[in-house]
Structures are given as C-alpha cells and as structure tokens.
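Fold and geometry: a report
Each chain is listed here by its residues.
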Amino acid sequence: MSDAPIYLDNNATTACDPAVVEAMLPFFTEQFGNPSSMHSFGDRVGHAIKTARAQVQALIGAEFDSEIIFNSCGTESDTTAILSALKAQPERNQIITTAVEHPAILSLCDYLEKEGYIIRRLGVDKRGRIDIDEYRSLLNDRVAIVSVMWANNESGTIFPVEAMAELARARGIMFHTDAVQAVGKVPIDLKNSCIDLLSLSGHKLHAPKGIGVLYLRRNTRFRPLLRGGHQERGRRAGTENSASIVGLGKAAELALAHLPVENGEVKRLRDKLEKSILAAVPHCFATGDVKNRLPNTSSIAFEYVEGESILLLLNKLGIAASSGSACTSGSLEPSHVMRAMGIPYTAAHGAIRFSLSRYNTEEEIDRVIAAVPPIIERLRKMSPYWGENGPLDKAFAPKYA
Amino acid sequence: MWDYTDKVRDHFFNPRNAGPLADANAVGEVGSIQCGDALRLSLKVDPESERILDASFQTFGCGSAIASSSALTEIIKGKTLDEALQISNQNIADFLDGLPPEKMHCSVMGREALQAAIANYRGEVWTDDHEEGAMVCKCFAVDSVLIENVVRANGLTTVEQVTQYTKAGGGCSSCHEGIEEILAKVCAQGGTEKIAAPDCAAPAVTVKPVTFGIPAPAAPPAHPAPVAAAEPPKLTNFQRMRRIEMVIESIRPTLKRDHGDVEIVEVDGSNVFVRLQGACVGCMMEHATLGGIEQKLSEELGERVRVLPVSMMAAARASV
C-alpha cells in the first residue's frame, strides 16, 4: 500500500489547480503592467482581469460583472460587508448572525458589541440547524444587516440562506452570506436570489491564498473599507493583485465545470468514508445536518478520545484532517460550533473533520478507512473514560480544576 | 501544528506506563474544566517506605497531555511520596524539553493528579486552588484568570503595571489589547480591591503614571483624559543606578515564582548586563524575559537601555 500523503483538509485550504498556476505565471513576468496604466503593458492585464471577473460572475450567477469586487480574502469581504452596512445606515444598530459563524464574523461582531452595537446570534439545534421562526422574530427596522454563512466550515451544514434573504428583503434589511465554504461545492445563482452581499475566498476553491471576492448587488448602499484609488470602481482601493485575480478566474471556471463532480464522485467518496468509519468504530457519530450539508465534508465525533491526539497519529500515517478540539486551536475551549450544537465535551473534543476535494481518489479513501479504527482503539485504551471493551459503566468523574 | 519537542513526540507516540494499574493503592483523578482534558494517575506505593513502586496513567487529552502524563510516571517512579510532592509542573515540562506556553496546563494537570493520588493514599481530601483561563500572553504563558486576579488584588490600571506584576505583555506586546480588555472588565465590575490577596506577592514598588501610550480604562461614568506623558526628570548617576536596581528587584518575585531569578552585574552606559539564574538559565523564554526587563527599565528610566546577558559583556565592550 502506498504511503503518499493524503490531504483531507480541503475546508481549511486547497491545493492550487495546476491549470490555475499556469494561467497565473505570465502575470509575474511579461504581464507585469498596472491595469490602470494607459499603455499596452497595463491594457493586457486589464483585459485579463475583465475575463476573470466574468468567470467569477458565472460561477455565482451574478447579474452584472461589476457586482464582483476583488479583494484580499474572505475575512476582508466579511469585514467590508458588515462595516459597510453599519456606516451606510447609521440609524440601524443591530446585526443578526448565528452562533456558528466563522471567526471572521464572530470576532468582528464581538468587537462591535463592545462599541455598542446590538448583536443577535441565532443558536442551532443539535443537528446544527437554525430556527427560522426565531430568525423571523428578530427582524426589525433597527437591523442593519443579517450575516449568515451559506455552509458551516466544521460540520458542512447548509443554512437556508436564500429563504432567509427573502425574509430580510421583505423587511428592507440587507443580507450578507459568508459563502467561502459553499462556492464551488453547491450551485449558486445570485441574480435569482435576494442576497445582497456574498463573501468568497480563492484558496478554498483551488485558487491561491490572498485573493477574495465581495459580491455586491447593484444598488446596495455601500461604504468602502479601503479608500484611496479608483480600483474596483472605487469600492476597494489598492493596486490589483492581477496574477491572483487571473488565477481565481481560472479556478472559478474549473469549479463551475466540476460542480457535478463535487456532487457526484466527491460526495460518493465522502459517503463511503463516513459510512465505513461509523460501521467500524463503536461510539462515534456524524455531526451536523447529515441530510443537508456540503458534499465534501464529514465531521465525525469519536467519543472518549481527544482530537489532537487523533490528528497526530493520522499525520504520522500521512493523513491530513482537522479537529474541532480546543487543543489544536490555541484556545482552551472546544470548537464553538460543536458547543453550539450541544455536543458533550467528551465527544466534541474528539470531533474530526474530513474534507475532500476532486483530487482525492478511491485508494486514498480506502487507506483512511483502514487507518482510523486502530488509532481510535489505541487512544481509547489510554482513556480514563474507557474500560476493557467499552465506556466505563461507572462514569469517570475527575475532580475539575 | 504545534511545535512539540522530540521528547514530547516520543512520549506521545510511545507513551510509558499507559493504561490501568491492577494493584494500585493510590489513584488521583483530575480534569481541567477549561479544556476538558482529564487524567487518572494510578500508583502502587510501598506501605513501608512510602516509595512509589509503579505508576500508570490514563489520559483523555491532546498530544502534550499524554506526553506530560507519560513523563510524570517516569519521573515519580522510585521516589518517596514526599520526594514526589516536590515535583512542580515546570519539572514535568523540563523533562520534556519544554512545552508550548498554551500547553503548560497539561503539566499542571499532571502535578495535580500526583497531589490528588498522594492525598488519596493518605486518606486526605485534595482540594484544588488552581484555576486557569484563556492564554493571554503567549510570550510568558500568562492566562486571563491570573491577570484578572492580580489586577483586582493590586488595583492595577495600566498595561505597564500588569506587565510589572505578571510579566504578561512584556514580550512581543501583541496581547496588549487583551490586557486592556481585562482591565476594562475589572473596572466595570466595580474596580479593584487594593487588598493584596494571599497568592499575589505584590512587588513593593510604587508605580508611576504611564509614561507612554495606553490611557487607563476608567470607571464607567467618568472618563478622565489620558494621563499626559510627563517628562521624566533627569536622574543623577546614583539615582539612575538605584532606579535600575529597584526595577530589577520588582521583577524578581515574578521570576522566582517560576523558580528563576536575575541579578545585575554591570551597568555600562545604555547597556545593562544581567545574569539569569535558576530556571531562567537555558529557558526558551530567556530572550523574552530579557526583552521584558528591557522594556520595563526603558520605561522607568525614560531612556532606551539594552538588557544583555553577562555573557555578552566582553563582546559589547570590544565593539565600542
């Protein structure tokens, strides 16, 4: 059996597609011009950016290419969207979001809360789903923006953002979605939705890091985060990252072409991986809304063992995944997503996320299926919650510091 | 991925003494509510000599928790209970050639399990006084609970004071926002007690108003203007030496708490040469420790000074 590395952490970041790299290379050398310049050096770069804009437009189904604003990353898109809504509507001081957003939204909202804004965070049930009636009850004239992720990065759970955007629109409230995990994995057709702003990030869809997009629906009131130049029609100043923009354009074209693969072969491999592990390992379960989630994501909580230990042992076998455990993140608390779903500590700590891409093969998945059960067994033998053949009858109740 | 030492990796991948111990006569079970880790330490103690004949662990936790548990069992085997009680969490971390600052709590859990097991053997009830919060200062591994307690107990109002009392913020300075938040929180909760809590050995030093930067967080209703930067008075040579000595003295209690120490060897122009002692010697934080001292000295003196290890004295002089 091969021991080549297996990368199952595509929700963290993805490999650049070779075709993307190839498309980018000329823009580091002969095509170095500034697209703002009048001469031919800049002109060609300007054309390439226009093509890339159209490619991204096609992927997310935007009505106009001018609705695409290139910037540096998903976090910048999220920050720009929220701050713009507050600046453009000073009479509105509330934000509706969820408890399971990416830190790009949560940390910003925590900060804005200290500044005096009112933040409403929708909770989720044990499957990671929000309560649409609770959401409806929070909509009012003081809400500046609703920001709800399209799909959760940890569990893959998909939120009904299109329906939620419709409800917001009916009350005259802006709707933003952080779609960095969803773009390229689920079909998106913004022109037929009520979504006003959307964040996407290049490195989640086989483009390089350091490039992102904020989709801004025409006629949405907007205040730029960065001022200083006319780039992106004055909505995001700063000389264009032309090579990365071209790369993102190519990646968007490939993602659109591979949508059936993501929802076909990738989903099949994900399902096989999850089913086989759940069958082979006792006391583990899939987290999130398994019937309604990203096709590439499987989050499995292994009870009575801890995630970082699992990852270290997987890593030794060349398998890369990630964990919702506290110990991998530098904070002491387990993942806020697992906690929001009410998953107990002893399971939340052992939650492992496998996120696939179109580059994963059947052989790789078979290797992971073979590798996981012995690792869990080995760690459980060391666990104070585990007896000879299963969890201890008498619950282990340590004295907590 | 964490930057684990080879020793940590070795003890994680090949843990010593993992699993239950059939004829154990002392068991300690502790957990950290903060991170959810838990540890059961089982000992076989010889009733005659009170010597630990065998030890094993079962750990629910991350790589460094398992490695710390494994190290602990290796350290204590063959020791008497009284000898074992002398072991600090720093000893466990040192045995592993160090732990990342965020992971020091794993070694604390090991020491607590040991205390709990020995208490169990002796029929005593072990209570824990240790509480930890989220890591704020990564340079000096200081958590939010410690900072909050010290702020409250000593009536601290500025980041500089917090650095002086806890070392937090004395390194790379990127946690200053976090420290300011704690100061604001304590202030909002009705301020500080000004009574030294038994745990907080307050250095006997009067703290001047901040000489640069961060305004003191004010109590909610009143918002006084930030203290204006006062021009530091020109010191005589003697006063300057005394001031340097006072600052170093104020730092020593915090270093001693971690089994380290520092002494001044020479002051040469803007260079202050010091000798680090005890646990500070060879500590991976040595650079940050010197940086912290340097920052504080520079603030107190109102001039830029360099704090250098005594080993650099000859080189520094030769280069002049």
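Residues numbered from 1 in each chain as written. Chains lettered and ligands numbered in written order. Predicted model: local features only at pLDDT ≥ 70, side-chain atom pairs only at ≥ 80, totals over all residues. Heavy atoms only, no water.

Condition: UniProt positions are given in the numbering used here, feature names are shortened, and annotations may be inferred rather than shown by experiment.
Chain B has the name Nitrogen fixation protein NifU in an unreviewed UniProt entry, where Rhodocyclus tenuis is given as its organism. Entered under Sequence similarities (unreviewed entry) in the UniProt record, the comment concerning chain B runs "Belongs to the NifU family." According to its UniProt record, chain B has this under Function (unreviewed entry): "May be involved in the formation or repair of [Fe-S] clusters present in iron-sulfur proteins."

By the naming in an unreviewed UniProt entry, chain A is Cysteine desulfurase, taken from Rhodocyclus tenuis. As stated in UniProt under Cofactor (unreviewed entry), the record for chain A gives "pyridoxal 5'-phosphate". The Subunit (unreviewed entry) field of the UniProt record for chain A holds the comment "Homodimer."

A closer look at the overall build of chain A
Cut-off, in case you're wondering: Secondary structure elements are defined from DSSP: runs of H or I of at least 4 residues count as helices, runs of E of at least 2 residues count as strands, and each element is numbered from the N terminus. A simple rule labels every residue: compare its accessible area, found with a 1.4 Å probe on the protein chains alone, to the largest value its type can have, and call it buried under 20%, exposed over 50%, or partly exposed in between. Here, residues are in contact when the closest pair of their heavy atoms is within 4.5 Å.
Counting its secondary structure elements, chain A contains eleven helices and 14 strands. Split into buried and exposed, the 401 residues of chain A put 59% on the buried side. Taking as baseline every contact in chain A between residues at least 6 positions apart, the subset at least 24 positions apart corresponds to 72%.

Details of the sheet that holds strand β12 (residues 322-323) of chain A
Residues and elements named next belong to chain A. Filter applied, for reference: Note on pairing: DSSP must find at least two bridges between two strands before they are called paired.
Here we have four strands laid out as an open sheet, ordered β9-β10-β13-β12, and antiparallel in their pairing. Every interior strand has two partners, whereas the edge strands, β9 (284-286) and β12, have only one. By the bridge criterion, five bridges tie strand β10 (residues 297-302) to strand β13 (residues 351-355) in an arrangement that is antiparallel. Note on β13: the bridge partner recorded for S299 is R353.

Thoughts on the environment of A:H283
Residue and element names in this part refer to chain A. One can find H283 in the loop between α7 (242-280) and β9. H283 gets classed as partly exposed once you look at its relative accessible area, which sits at 35%. For the pair H283 and G390, spaced 107 residues apart in the sequence, the C-alpha separation amounts to 8.5 Å.

A look at the side chain of A:T177
Residues and elements named next belong to chain A. To be explicit about the condition: Nitrogen and oxygen atoms within 3.5 Å of one another constitute a polar contact, given that in protein one can donate a hydrogen and the other can accept it, and given that sequence-neighbouring residues count only through two side-chain atoms.
By the secondary structure assignment, T177 is in strand β6 (residues 174-178). In terms of polar contacts, T177 uses its side chain to reach the backbone carbonyl oxygen of V148, at 2.8 Å. In contact with T177, not counting residues within four places along its chain, are V148, M149, W150, V161, I195, L197, L198 and S199.

Side note on empty space enclosed by the protein
Residues and elements named next belong to chain A. Just so we agree on the cut-off: Grid spacing is 1 Å over the protein atoms alone, the probe is 1.4 Å, and a cavity is where that probe fits but cannot get out, while a pocket is an open set with protein on both sides within 12 Å along at least five of seven lines and lining residues have an atom within 4 Å of a point. Grid points are joined across faces, edges and corners, and a volume is the space filled by probe spheres set on the points. In this classification, Asp, Glu, Lys and Arg are treated as charged, Ala, Val, Leu, Ile, Met, Phe, Trp, Tyr, Cys and Pro as nonpolar, and every other residue, Gly included, as polar. In this entry, domain limits derive from an automatic or database-based domain assignment.
For the structure shown, the criterion picks out nine cavities of 30 Å³ or more. For the second largest cavity, the lining is made up of 14 residues, of which K185, K204, L205, H206 and E262 are closest to its centre. Partitioning the lining of the second largest cavity into residue classes produces four nonpolar, six polar and four charged. Built from parts of two domains, the lining of the second largest cavity gets at least three residues from each of domain 1 (6-13 + 259-381) and domain 2 (18-255).

Digging into the nonpolar core
For clarity, the cut-off: Nine residue types can take part in a nonpolar core, namely buried Ala, Val, Leu, Ile, Met, Phe, Trp, Tyr and Cys, and a core is a set of them joined through side-chain atoms within 4.5 Å.
Counting 69 residues, the largest nonpolar core has A:L273, A:F302, A:I310, A:L314, A:F354, B:L43 and B:I76 as the members making the most contacts within it. Take this core: its biggest share by element is nine residues, from helix α5 (residues 104-121) of chain B. When residues no more than four places from it in sequence are discounted, the contact partners of B:L43 are B:L21, B:A24, B:N25, B:A26, B:I52, B:D54, B:A55, B:I76 and B:A117. In terms of nonpolar packing, the next biggest core, distinct from the first, is built from 67 residues, A:L122, A:V161, A:A179 and A:I343 among them.

With respect to the pairing of β10(A)
Residues and elements named next belong to chain A. By the criterion of burial, β10 is predominantly enclosed, with six of the six residues buried. Of the two faces of β10, the one lined by T297, S299 and A301 and the one lined by S298, I300 and F302 are each fully buried. Pairing between β9 and β10: three bridges, direction antiparallel. Bridge assignment links A286 to a residue of β10, and that residue is I300.

Quick notes on the packing of helix α8 (residues 307-316) of chain A against helix α2 (residues 63-76) of chain B
The cut-off we apply is this: Lines are fitted to the C-alpha atoms to define the axes, a helix being fitted only along its stretch in contact, and any angle between axes, read from their N-to-C directions, falls within 0 to 180 degrees. Put simply, angles under 35 degrees are roughly parallel, angles over 145 are roughly antiparallel, angles from 65 to 115 are roughly perpendicular, and the rest are oblique.
Two elements in contact, α8(A) and α2(B), have axes separated by 7 Å at closest approach and are oriented at 90 degrees. Overall, the two elements α8(A) and α2(B) adopt an arrangement that is roughly perpendicular. Where α8(A) abuts α2(B), its residues A:E308, A:S309 and A:L312 lie against B:G63, B:S64 and B:I66. Class assignment of the residues belonging to the contact of α8(A) with α2(B) gives a composition of two nonpolar, three polar and one charged.

Concerning the sheet that holds strand β7 (residues 271-278) of chain B
Hydrogen bonding along the main chain pairs the strands of a sheet, whether they run parallel or antiparallel. All names here are of chain B. A sheet is described by the order of its strands in space; here three strands give the open sequence β6-β7-β8, paired in mixed fashion. If you trace the sheet from one side to the other, it starts and ends with β6 (260-268) and β8 (306-309), each paired once. When strand polarity is set aside, the average angle formed by the axes of neighbouring strands in this sheet is 35 degrees. Relative to β8, β7 is paired through four bridges, and the arrangement is parallel. Paired with V274 across the bridge in β8 is P309. Helix α9 (residues 237-257) rests against β6 and β7 of the sheet, and its axis sits at about 165 degrees to β6. Of the strands in this sheet, β6, β7 and β8 touch helix α10 (residues 286-301), which is tilted by about 145 degrees from β8.

What about the UniProt feature "binding site: Fe cation" (unreviewed entry) in chain B?
Residues and elements named next belong to chain B. Using the residue numbers shown here, the UniProt feature "binding site: Fe cation" (unreviewed entry) corresponds to C35, C62 and C106. Residue placement: C106 occurs in helix α5. With residues near it in sequence (within four places) discarded, C106 still touches D37, C62, S64, A65 and S68.

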